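# Working through the structure, step by step
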Amino acid sequence: MIDAIVFMGIQGSGKGTQAKLLAEHTGYQHINIGDLLREQVSLETEIGLEVQAVISRGELVSDDLVFKLVEVSLSKGCSGIVFDGFPRTLAQAEYLGKHYHLIRVYYLDLPESEAMARMQGRRVCSGCGQNYHLQNHPPRIAGQCDACGGSLIVREDDAEAAIARRIKAFYAETYGLKNYFERLGLLRSIPADLAIDKLEQIIRADITTDL
Ligand code: AMP
């Protein structure tokens, strides 16, 4: 079975950043379901057209579709996976336990008010998808991507009403998984309001013993 590490947390908790850093450090594949879904939407594939409205409303897409995406995105011969934004439902957590060797679940703990503020400042490059934040990670030139010069936009599901729905979906569907993984002895809860490199250090020190 392939090793798996999971990052959980409310939107804006920085789980994407930490998942990417840990994937680089371990050589594991990074799988972010939200990115995969947005890619399908922008390519206007059959899946993309099916999920577009669900995503912009801030609701979760079906478990079966998520399983399909995970399966098709697995790189051949990969030694492990860092999942980011997966699992988000109990059915997804059970699927994970059945098909992967789960090493650890990191829960990045952030108060709801801080999550709201972080998401409101979020911008994404319309060209290459690079993420920015007006306060925490601004581009060198306002409104323009440092990497490709593309224009920075607000993601449709970062609009105020959609943010509120995504936070509601997080507490209704995903938050309970914390206890589920805690009972399995896999959960590490970390305060998410630390600096990026501090968080990275804590996670590396914790995981190194298990790899
Ligand atoms: P994210 O960028 O992780 O906030 O994901 C954006 C959107 O993709 C979410 O609001 C959901 O509509 C969908 N999505 C991402 N991951 C999942 C998942 N594991 N299960 C169901 N829907 C998901």
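Anyway, here's the lowdown on the structure attached to this text.

Criteria and thresholds
- Residues numbered from 1 in each chain as written.
- Predicted model: local features only at pLDDT ≥ 70, side-chain atom pairs only at ≥ 80, totals over all residues.
- Heavy atoms only, no water.
- Buried < 20%, exposed > 50% of the residue type's maximum accessible area, 1.4 Å probe, protein only.
- Helix = DSSP H or I, 4+ residues; strand = E, 2+ residues; numbered from the N terminus.
- Pairing = 2+ DSSP bridges.
- Disulfide = S-S within 2.5 Å.
- Near = heavy atom within 4 Å.
- Polar contact = N/O pair within 3.5 Å; in protein donor to acceptor, adjacent residues only side chain to side chain.
- Areas by Shrake-Rupley, 256 points an atom, 1.4 Å probe, with all protein chains shown as cover.
- Nonpolar A, V, L, I, M, F, W, Y, C, P; charged D, E, K, R; others polar.

### Considering the pairing of strand S1 (residues 2-9)
With six of eight residues buried, S1 lies mostly within the body of the structure. Sheet topology places S1 next to strand S4 (residues 100-109); eight bridges connect them, and they run parallel. Bridge assignment links Met 8 to a residue of S4, and that residue is Tyr 107. Pairing of S1 with strand S3 (residues 80-84), which is carried by five bridges, proceeds in the parallel orientation. When the bridges of S3 are listed, Val 6 appears paired with Phe 83.

### Some thoughts on the state of the cysteines
For the coordinates displayed, the defined rule picks out zero disulfides. Cysteine Cys 145 is unpaired, with the sulfur of Cys 128 as its nearest cysteine sulfur at 3.8 Å.

### As for the site of the ligand
Near the ligand lie 16 residues; those nearest to it are Arg 38, Glu 59, Gly 85, Arg 88 and Arg 166. Within the contact set of the ligand, an oxygen atom lies 2.9 Å away from a side-chain nitrogen or oxygen of Arg 38. In this structure, Glu 59 approaches the ligand through a main-chain N or O atom, which is 2.4 Å from an oxygen atom. In the complex, 97% of the free accessible area of the ligand, which totals 480 Å², lies under the protein chains. The leading source of residues in the shell around the ligand is helix H2 (residues 33-42), at four residues. Looking at side-chain class alone, the shell around the ligand contains seven nonpolar, three polar and six charged residues.

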